[in-house]
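Chain and residue survey
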Amino acid sequence: MNLLLSIAFVLCWSSGFIGAKLGAGSASAVTVLMWRFLPLAVVLTVVAATVAGASWRGLTVRDVARQAMIGVLSQSGYLLTVYYAIQLGVSSGTTALIDGVQPLVAGALAGPLLRQYVSRRQWLGLCLGVSGVAIVTTADAAARTGVARWAYLIPFLGMCSLVAATFLESRSRTRVAPLVSLTVHCTTSAVVFSALAVSAGAATPPAGLSFWAAISWLVVLPTFGGYGLYWLLLRRSGVTGVNTLMFLMAPVTAVWGALMFGEPFGPQTALGLAVGLTAVVIVRRGDTSPPTAAVRNTDPADGSAPVTRERVRPGPRRTPPS
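Here the structure is a predicted model, which means the values were calculated and not measured.

So, on to the overall build of the protein chain. Assigned secondary structure in the protein chain consists of 11 helices and 2 strands. Going from the N terminus to the C terminus, the protein chain shows its helices and strands as α-α-α-α-α-α-α-α-α-α-α-β-β. Partitioning the contacts of the protein chain with sequence separation of at least 6, the portion at a separation of at least 24 is 86%.

Its 17 residues give helix α7 (residues 154-170) an end-to-end C-alpha distance of 25 Å, which sits within 8% of 24 Å, the value for a rise of 1.5 Å per residue. By the criterion of burial, α7 is predominantly enclosed, with 12 of the 17 residues buried. Looking at α7, one finds that the buried residues are I154, P155, G158, M159, S161, L162, V163, A165, T166, F167, E169 and S170.

Here we come to the nonpolar core. Looking at soluble globular proteins, one finds that nonpolar side chains tend to be buried together. Formed by 47 residues in total, the largest nonpolar core has its most connected members in F9, V32, F37, L79, Y83 and Y230. Looking at this core, the elements with two or more residues in it are α1 (2-24), α2 (29-50), α3 (61-88), α8 (178-199) and α9 (209-246). Considering every element that reaches this core, the biggest residue donor is α9, with 12 residues. One finds L97, V101, L126 and V133 within the second-largest nonpolar core, a separate group that totals 13 residues.

The subject of this paragraph is helix α10 (residues 249-261). With 13 residues, α10 should cover 18 Å at 1.5 Å per step; its first-to-last C-alpha distance of 17 Å lies within 8% of that length. Those residues of α10 lying buried are M249, A250, P251, T253, A254 and G257. Once α10 ends, the next one or two residues include G262, with phi positive near 70 degrees.

A few words now on the packing of aromatic side chains. Per the stated rule, a full pass over the model turns up 5 aromatic pairs. Between the aromatic rings of W35 and W212, the centroid separation amounts to 5.9 Å while the plane-to-plane angle is 70 degrees, which identifies the pairing as edge-to-face. Placement of W35 in helix α2 and of W212 in helix α9 is noted, with a sequence separation of 177 residues between them. For W212, a relative accessible area of 34% puts it in the partly exposed group. A ring pair is formed by F37 and F193, whose centres lie 5.6 Å apart and whose planes are at 35 degrees; its orientation type is tilted. Placement of the pair is F37 in helix α2 and F193 in helix α8, with a sequence separation of 156 residues. Residue F193 is classed as buried on the basis of its relative accessible area of 0%. Taken together through their ring pairs, the aromatic side chains of W35, F211 and W212 make up a single cluster.

Applying the stated criterion across every chain, the model contains 1 salt bridge. In this structure, E263 and K21 form a salt bridge, with 3.4 Å as the shortest nitrogen-oxygen distance. One end of the pair, E263, is in the loop between α10 and α11 (267-285); the other, K21, is in helix α1, and 242 residues separate them in sequence. Here the two residues E263 and K21 agree in accessibility, since each one is buried.

All right, on to the side chain of S15 then. Along the chain, S15 turns up in helix α1. Discounting chain neighbours no more than four positions away, the residues touching S15 are W217, L221, P222 and W256.

Within the fold, L229 resides in helix α9. With 216 residues separating them along the chain, L229 and W13 place their C-alpha atoms 9.1 Å apart. Beyond its immediate sequence surroundings of up to four residues, L229 is in contact with L5, A8, F9, C12 and F224.

Where nonpolar side chains cluster on the molecular surface, the patch consists of L3, L4, I7 and L11 and spans about 420 Å² of accessible area. With respect to the secondary-structure elements, L4 resides in helix α1.

Another aspect to go through is the side chain of S161. You can see S161 is positioned in helix α7. By relative accessible area, S161 is classed as buried at 11%. When sequence neighbours within four positions are dropped, the list of residues in contact with S161 reads L73, S74, G77 and Y78.

In this structure, L233 sits in helix α9. Judged by relative accessible area, which is 1%, L233 ranks as buried. Here the alpha-carbon distance between L233 and L5, two residues 228 residues apart in the chain, equals 7.4 Å.

Rules and cut-offs
- Counting restarts for each chain: residues are numbered from 1 in the order of the written sequence.
- Only residues with pLDDT of at least 70 are given local features in this predicted model, and only at 80 or more are side-chain atom pairs given and counted; all residues enter the totals for whole chains, interfaces and linings.
- In computing side-chain properties, one takes all heavy atoms of the structure into account and sets aside hydrogens as well as water.
- Helix and strand labels come from DSSP, where a helix needs a run of H or I of at least four residues and a strand needs a run of E of at least two; each type is numbered from the N terminus.
- Whether two residues touch is decided by their heavy atoms; if any such pair falls within 4.5 Å, the residues are in contact.
- Helix span, as expected, comes to 1.5 Å for every residue beyond the first.
- Using a 1.4 Å probe on the protein chains alone, a residue whose accessible area is under 20% of its type maximum counts as buried, one over 50% counts as exposed, and one in between counts as partly exposed.
- Nonpolar cores are built from buried Ala, Val, Leu, Ile, Met, Phe, Trp, Tyr and Cys residues. Side-chain atoms within 4.5 Å join them into one set.
- Under the pairing criterion, centres of Phe, Tyr and Trp rings, with the six-membered ring standing for Trp, must be within 6.5 Å; the plane angle then separates stacked pairs below 30 degrees from edge-to-face pairs above 60, leaving the rest tilted.
- Salt-bridge detection follows one rule: a side-chain nitrogen of Lys or Arg within 4 Å of a carboxyl oxygen of Asp or Glu.
- Think of a patch as exposed residues, more than 30% relative accessible area, with no salt bridge, where like charges cluster within 9 Å and nonpolar side chains (Val, Leu, Ile, Met, Phe, Trp, Tyr) cluster within 5 Å.
- We get accessible surface area from the Shrake-Rupley algorithm with a probe of 1.4 Å; when it comes to residues, only the shown protein chains can shield them.

It is worth stressing that arrangement in space is one thing and function is another; only the former is reported here.
Structure (structure tokens):
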């Protein structure tokens, strides 16, 4: 059962990058993101108020503001860069691989910022991971001559935004239920993207069926499917098991993008993905530090079942997929 759930999780999470590519063909990035998050924010607010109303008790304005800032960094900033990069022509597989380096960067920075031990093997893994990204990015740039070179820096900004959100969350001492944090994150993103779309004159959605098909894809598969399976697998397999699955997103997305959109996937791309996966193995095996303190959270489905997550790890807790 866990194997089938893991396969479904990898496919649903990877579908976020494919959905971004689908949406980019029918509307601007801010239009797609606005109409993705507006219905999510409404549904989650109603569910959180009725199903998990008790989870809001004890939260201060500062706690909610911190969650809103985490949402701005981990959703608004991250997704806007992903969608914009894909809109500019960066392949979905390259974008997913750059995103996949984020846990390695977070693990490396955990030493100087959080005073956690980072082994030499982990630093080696980080360097290999960056090398893998460089190989794939170079191959993608060579195959897609119409894409500006600076466009490949945009996903890196999103990755940095995710890393910042990770450390901001790790410093929080307040236990926040997953459904509550997801509601705050999505509501904040709905406000941010709506403001950007209105200011850019791009709030009106296209009438074409392809746009709403892309929105439905993004809401159902990566958000409810990917994020829902994330928490289910987290309860069954733990943080390490789920974070290990995260590193399958780049190769799956690269193959999916090649089959569905004809994106470049040659020997150099395969080599870069192999180097990236090798880096992951090295980092995981090089993690000899003792487990950090765990925090008890409630399951987003019913607000009662306990879920354990580690506060700081080389691979941070992810947000709803792109």
